[in-house]
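Below, each chain spelled out in residue letters.
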Amino acid sequence: NAGVTQTPKFQVLKTGQSMTLQCAQDMNHNSMYWYRQDPGMGLRLIYYSASEGTTDKGEVPNGYNVSRLNKREFSLRLESAAPSQTSVYFCASSVRGSYSNQPQHFGDGTRLSIL
Amino acid sequence: DAKTTQPNSMESNEEEPVHLPCNHSTISGTDYIHWYRQLPSQGPEYVIHGLTSNVNNRMASLAIAEDRKSSTLILHRATLRDAAVYYCILRGNAGGTSYGKLTFGQGTILTVHP
């Protein structure tokens, strides 16, 4: 029952470093999402992938890039990390994003600190 | 997606029922009512969803008002593990930049006392 798996769970970076957050789901879902959660705020959508081969910007895409590697995997890359990107990052998936009666399944998050 | 209003916090005793309210007076006819919860240091977890009729699953029940302007998540016997932030979210037809996006508000912090 893996569901949505995110790696790493924790990471500390220095300003200007780059890194890639990995996400994989084993539920054969078509749609995948990256959110960030900051203290006192709800989750905000960074990027999403409606289906394999497509990606689109969400609410807060600046400073990030994504790759939908295949149906299972959706990665989030920080090219030049900034302290403002310190956050908890969640990956999620759903059968198909356009189906409003379908739930999203979330990973346990990556806690990222940028010094 | 239409807006929802929830109390900031609620408290319950272990093994007692908990009724978590949500107001959504601007709900449209095609909006589904979803509930998620987030335990400390974990990702959000889907709880239940419904459109018009009351719904039950192994985790909870969802009672939807006849006019659909409000709903109540019912935990039949609260346990310590149910202490979490509970989010009521409306999901309508997706499209454009909000494709499938969930809009999380502040939610209700549920405290369960032993």
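Attention in this report is confined to the structure presented alongside it. (Residues numbered from 1 in each chain as written. Chains lettered and ligands numbered in written order. Predicted model: local features only at pLDDT ≥ 70, side-chain atom pairs only at ≥ 80, totals over all residues. Heavy atoms only, no water.)

Quick look at the overall build of chain A
So, point 1. The helix and strand tally for chain A stands at zero helices and eleven strands.
So, point 2. Secondary structure elements of chain A, listed N to C terminal, follow the sequence β-β-β-β-β-β-β-β-β-β-β.
So, point 3. Over its C-alpha trace chain A gives a radius of gyration of 13 Å, about what one expects of a compact globule, namely 13 Å for 115 residues.
So, point 4. Dimensions along the principal axes, computed over C-alpha positions, put chain A at roughly 40 × 30 × 30 Å.
So, point 5. Each of the 115 residues in chain A was classed as buried or not, and the buried ones make up 49%.
So, point 6. Sequence-distant contacts, at least 24 apart, represent 55% of the contacts inside chain A between residues at least 6 apart.
So, point 7. Total accessible area on chain A stands at roughly 5,100 Å², and carbon and sulfur atoms take up 48% of it.
So, point 8. In chain A, which carries 11 positive and 8 negative side-chain charges, the distance between the mean positions of the two groups comes to 3 Å. (Helix = DSSP H or I, 4+ residues; strand = E, 2+ residues; numbered from the N terminus. Rg over C-alpha atoms; globule rule 2.2 N^0.38 Å. Buried < 20%, exposed > 50% of the residue type's maximum accessible area, 1.4 Å probe, protein only. Contact = heavy atoms within 4.5 Å. Areas by Shrake-Rupley, 256 points an atom, 1.4 Å probe, with all protein chains shown as cover. Lys, Arg positive; Asp, Glu negative; His and termini not counted. Charge placed at Lys NZ, Arg CZ, Asp CG, Glu CD.)

A look at the interface of chain B and chain A
So, point 1. On the side of chain A, 27 residues touch chain B, which itself brings 25 residues to the contact.
So, point 2. Between chain B and chain A lies a buried interface of about 1,900 Å² when both sides are counted; carbon and sulfur atoms form 52% of it.
So, point 3. Where chain B meets chain A, there are zero salt bridges.
So, point 4. Of all the elements, strand S3 (residues 32–38) of chain B adds the most residues to the side of chain B that touches chain A, at four residues.
So, point 5. A class-by-class count of the residues in the side of chain B that touches chain A yields nine nonpolar, 14 polar and two charged. (Buried area = accessible area lost by both parts, 1.4 Å probe. Salt bridge = Lys/Arg side-chain N within 4 Å of Asp/Glu carboxyl O. Nonpolar A, V, L, I, M, F, W, Y, C, P; charged D, E, K, R; others polar.)

Digging into the sheet that holds strand S8 (residues 84–91) of chain B
Residue and element names in this part refer to chain B.
So, point 1. If you walk across this open sheet you meet the five strands as S1-S9-S8-S3-S4, and the pairing is mixed. Bordering the open sheet on either side are strand S1 (9–13) and strand S4 (45–50), each of which pairs with just one other strand. Across the sheet, the axes of successive neighbouring strands diverge by a mean angle of 25 degrees, strand direction being ignored.
So, point 2. The pairing of S3 with S8 spans seven bridges and is classified as antiparallel. When the sheet's bridge partners are listed, Tyr 32 is paired in S8 with Arg 91. (Pairing = 2+ DSSP bridges. Axes fitted to C-alpha atoms, helices over the stretch in contact; angles between N-to-C directions.)

Focus: unusual backbone geometry
So, point 1. Here the bond from Thr7(A) into Pro8(A) is cis, since omega is -5 degrees, no more than 30 degrees from zero.
So, point 2. One can find Pro8(A) in the loop between strand S1 (4–7) and strand S2 (10–13).
So, point 3. At Asn28(A), a residue that is not glycine, the phi angle is positive and equals roughly 60 degrees.
So, point 4. Note on placement: Asn28(A) falls in the loop between strand S3 (19–25) and strand S4 (31–37).
So, point 5. Residue class for Asn28(A) comes out exposed when judged on its relative accessible area of 55%.
So, point 6. Positive phi is not limited to glycine here, since Ser41(B) has a value of about 60 degrees.
So, point 7. Looking at where Ser41(B) falls in the secondary structure, it is placed in the loop between S3 and S4.

Here we look at the sheet that holds strand S6 (residues 61–64) of chain B
All names here are of chain B.
So, point 1. Ordered by their spatial adjacency, four strands build an open sheet running S2-S7-S6-S5, and the pairing between neighbours is antiparallel. Both edges of this open sheet fall to strand S2 (18–23) and strand S5 (55–56), since each of them pairs with a single strand only.
So, point 2. Of the pairings in the sheet, the one linking S2 to strand S7 (residues 70–75) comprises six bridges and is antiparallel in character. Bridged to Leu 20 within S7 is Leu 73.

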